Amino acid sequence: QVQLVESGGGLVQAGGSLRLSCAASGRTGSNYVMGWFRQAPGKEREFVAAISWSGSSTYYADSVKGRFTISRDNAKNTGYLQMNSLKPEDTAVYYCAADTRRTIQTTFWREYDYWGQGTQVTISS
């Protein structure tokens, strides 16, 4: 089991930045892919970004490519999502997820086993 706790959400104006964190505990010794997803009201949960265990490989949704950066620090058991040039359409609850069997190209949220509780990100225009 891997437990995940997100933090760093909040309210910012369009064009601003936020950095989300995802602290992992439990079986953190297992190699796991970490992903970030988001869900806006009335919409399906969608893939945002993913990073390999080593951190050497990353994958992004087209909608955030060039604006968001995913990273991780395995010594701290923590993953990050740096979000720049934020837009009102980025408003959503952001979730981090982990799985030991998936690749960074796994974009369907139901295929991830472990989830955090989510953190709200609101972008005002």
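In the block above lies the structure referred to throughout.
Our subject in this report is the structure included herewith. (Residues numbered from 1 in each chain as written. Predicted model: local features only at pLDDT ≥ 70, side-chain atom pairs only at ≥ 80, totals over all residues. Heavy atoms only, no water.)

So, about the overall build of the protein chain. A count of helices and strands for the protein chain gives zero helices and eleven strands. Ordered by position from the N terminus, the helices and strands of the protein chain form the series β-β-β-β-β-β-β-β-β-β-β. Here the protein chain has a C-alpha radius of gyration of 13 Å; the compact-globule value for 125 residues is 14 Å, and the two agree. Principal axes of the C-alpha set define a box for the protein chain whose edges measure 40 × 25 × 25 Å. Each of the 125 residues in the protein chain was classed as buried or not, and the buried ones make up 46%. A separation threshold of at least 6 residues defines the contact pool for the protein chain, and within that pool the share at least 24 residues apart is 58%. Summed over its atoms, the accessible surface of the protein chain is roughly 6,200 Å², and 45% of this surface lies on carbon and sulfur atoms. In the protein chain, the 13 positive side-chain charges and the 10 negative ones have mean positions that sit 3 Å from each other. (Helix = DSSP H or I, 4+ residues; strand = E, 2+ residues; numbered from the N terminus. Rg over C-alpha atoms; globule rule 2.2 N^0.38 Å. Buried < 20%, exposed > 50% of the residue type's maximum accessible area, 1.4 Å probe, protein only. Contact = heavy atoms within 4.5 Å. Areas by Shrake-Rupley, 256 points an atom, 1.4 Å probe, with all protein chains shown as cover. Lys, Arg positive; Asp, Glu negative; His and termini not counted. Charge placed at Lys NZ, Arg CZ, Asp CG, Glu CD.)

Before going further, it helps to examine the pairing of strand S4 (residues 33–39). Along any regular strand the residues' side chains alternate between the sheet's two faces. Of all seven residues making up S4, six are buried, and the element is well covered by its neighbours. Strand direction decides the pairing type here: S4 and strand S5 (residues 46–51), joined by five bridges, are antiparallel. Counted as the bridge partner of Phe37 is Phe47 from S5. In textbook terms, the turn of a hairpin is the stretch between consecutive antiparallel strands, and for S4 and S5 this stretch comprises six residues, one of which, Gly42, has a positive phi near 75°. (Pairing = 2+ DSSP bridges.)

Before going further, it helps to examine the pattern of salt bridges. Any two side chains of opposite charge can pair, so long as their charged atoms come close to each other. Applying the stated rule across the entire model yields eight salt bridges. Linking Glu46 and Arg38 is a salt bridge whose minimum nitrogen-to-oxygen distance equals 2.6 Å. A relative accessible area of 5% means that Arg38 is categorised as buried. With a closest N to O distance of 3.6 Å, Arg102 and Glu111 form a salt bridge. (Salt bridge = Lys/Arg side-chain N within 4 Å of Asp/Glu carboxyl O.)

Now for the environment of Thr122. Considering the arrangement of structural elements, one finds Thr122 in strand S11 (residues 119–124). By relative accessible area, which is 30% here, Thr122 ends up partly exposed. Remark: the alpha-carbon pair of Thr122 and Leu86, spanning 36 residues in sequence, is separated by 9.5 Å. Excluding residues within four positions of it along the chain, Thr122 makes contact with Gly10, Leu11, Val12 and Thr91. At a separation of 3.3 Å, a polar atom in the side chain of Thr122 contacts the side chain of Gln120. (Polar contact = N/O pair within 3.5 Å; in protein donor to acceptor, adjacent residues only side chain to side chain.)

This part is about the environment of Cys96. Residue placement: Cys96 occurs in strand S9 (residues 92–99). On the basis of relative accessibility, which here comes to 0%, the residue Cys96 falls in the buried class. Residues Cys96 and Tyr112, spaced 16 residues apart in sequence, show a C-alpha to C-alpha distance of 9.9 Å. In contact with Cys96, other than residues within four places in its own chain, are Leu4, Glu6, Cys22, Gly35, Trp36, Tyr114, Trp115 and Gly116.

What follows covers the packing of aromatic side chains. Between two aromatic rings, the relevant description is the distance of the centres plus the angle of the planes. Taken as a whole, this structure holds eight aromatic pairs when the rule is applied. Consider the rings of Phe37 and Phe47, whose centres lie 5.7 Å apart with planes at 75°: the pair is edge-to-face. Residue Phe37 is found in strand S4, and its partner Phe47 is found in strand S5; the two are separated by ten residues along the sequence. Judged by relative accessible area, Phe37 falls into the buried class, the value being 0%. When its relative accessible area of 9% is taken as the criterion, Phe47 is described as buried. Between Phe47 and Tyr59, the aromatic rings sit 5.7 Å apart at their centres with planes inclined by 40°, giving tilted as the arrangement. (Phe/Tyr/Trp six-rings, centres within 6.5 Å; stacked < 30°, edge-to-face > 60°.)

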